[in-house]
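Given next are the chains, with one letter for each unit.
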Amino acid sequence: QVQLVESGGGLVQARGSLRLSCAASGGTFSGYVMGWFRQAPGKEREFVAAISWRGSSTYYADSVKGRFAISRTNAKNTVYLQMNSLKPEDMAVYYCAAKDALVAVTTRSYDYWGQGTQVTVSS
C-alpha cells in the first residue's frame, strides 16, 4: 500500500524558516511528480509547489515564489519543502502528494496523498 508521510511541521515565528519532509513508501515512484499543497481552516486545499522526477522542473504558487524551495532525494523517495520568510498567511496543514504524469501539476489531480502536517506561524 502506497503511503506518504509528512514531517517537520510545527510552530515558527513570522520571518522564520521551517523544512518539511515527505517520505513515500509501498510502491515504485520512478518518474513520479511530487507536490505540496496546503489547506487553512475554511479554505480550499491549494497548490504550493511541485517537482519533476529529475528535479529539472519546479513549479510554485505565486504566493510562495522566492520564499519556498522544493527538492527531492529519489534514492530515499523523499521530497522536501524549505520554507523561508514565513508569514502568518502561510499557516495551514501541509500535504504532500504524488502522481505519475507531468501534467496538471498545479491542480488537485494527484494519485496519492499524505495525512498532512501542521504549520503554525506566530507574529
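Residues numbered from 1 in each chain as written. Predicted model: local features only at pLDDT ≥ 70, side-chain atom pairs only at ≥ 80, totals over all residues. Heavy atoms only, no water.

Draft legend 1. A look at the environment of Arg-72. Here Arg-72 is to be found in strand β7 (residues 68–73). A relative accessible area of 17% means that Arg-72 is categorised as buried. Separated by 21 residues in sequence, Arg-72 and Ile-51 have C-alpha atoms that sit 7.8 Å apart. The contact partners of Arg-72, leaving out residues within four places of it in the chain, are Tyr-32, Val-33, Met-34, Ile-51, Ser-52, Trp-53, Thr-78, Val-79 and Tyr-80. Among the polar contacts listed, one links the side chain of Arg-72 to the backbone oxygen of Tyr-32, at a separation of 2.9 Å. A polar contact is formed between the side chain of Arg-72 and the backbone oxygen of Ser-52, at a distance of 3.0 Å. (Helix = DSSP H or I, 4+ residues; strand = E, 2+ residues; numbered from the N terminus. Buried < 20%, exposed > 50% of the residue type's maximum accessible area, 1.4 Å probe, protein only. Contact = heavy atoms within 4.5 Å. Polar contact = N/O pair within 3.5 Å; in protein donor to acceptor, adjacent residues only side chain to side chain.)

Draft legend 2. Expanded view of the pattern of salt bridges. The final tally for this structure, using the stated rule, is five salt bridges. Between Arg-67 and Asp-90 there is a salt bridge, with the nearest N and O atoms lying 2.7 Å from each other. Highlighted residues: Arg-67 in the loop between β6 (58–60) and β7 and Asp-90 in the loop between β8 (78–83) and β9 (92–99), separated in sequence by 23 residues. For the pair shown, Arg-67 and Asp-90 are each scored as buried. If you follow the salt bridges from partner to partner, you end up with Arg-38, Glu-46, Arg-67 and Asp-90 in one network. (Salt bridge = Lys/Arg side-chain N within 4 Å of Asp/Glu carboxyl O.)

Draft legend 3. Spotlight on the pairing of strand β5 (residues 46–51). Burial of β5 is extensive: five of the six residues sit out of reach of the surface. Note that strand β4 (residues 33–39) and β5 share five bridges and pair antiparallel. Note that in β5 the partner of Arg-38 across the bridge is Glu-46. Linking β4 to β5, which pair antiparallel, is a turn of six residues; within it Gly-42 sits at a positive phi near 75 degrees. As judged from the three bridges shared by β5 and β6, these two strands associate in the antiparallel manner. In the sheet register, Ala-50 faces β6, and the bridge partner there is Tyr-59. The loop that links β5 with its antiparallel partner β6 comprises six residues; one of these, Gly-55, has a positive phi angle of about 85 degrees. (Pairing = 2+ DSSP bridges.)

Draft legend 4. Representation of the nonpolar core. The biggest cluster of nonpolar side chains holds 36 residues, and the ones touching the most others in it are Leu-20, Trp-36, Val-48, Phe-68, Leu-81, Met-83 and Tyr-94. Excluding anything up to four places from it in sequence, Leu-20 contacts Ser-7, Gly-8, Gly-9, Trp-36, Val-79, Tyr-80, Leu-81, Met-83, Tyr-94, Thr-117 and Val-119. (Core = buried A, V, L, I, M, F, W, Y, C linked by side-chain atoms within 4.5 Å.)

Draft legend 5. Region of the structure containing the state of the cysteines. According to the stated counting rule, one finds one disulfide in the structure shown. Paired through a disulfide, Cys-22 and Cys-96 show a sulfur-sulfur distance of 1.9 Å. What sets the handedness of the Cys-22 and Cys-96 disulfide is the S-S torsion sign, and at about 50 degrees it is right-handed. Residue Cys-22 is located in strand β3 (residues 18–25), and its partner Cys-96 is located in strand β9; the two are separated by 74 residues in the primary sequence. You can call Cys-22 buried: its relative accessible area is 0%. Here Cys-96 falls in the buried class, since its relative accessible area comes to 0%. (Disulfide = S-S within 2.5 Å.)

That is the geometry; function is a separate question.
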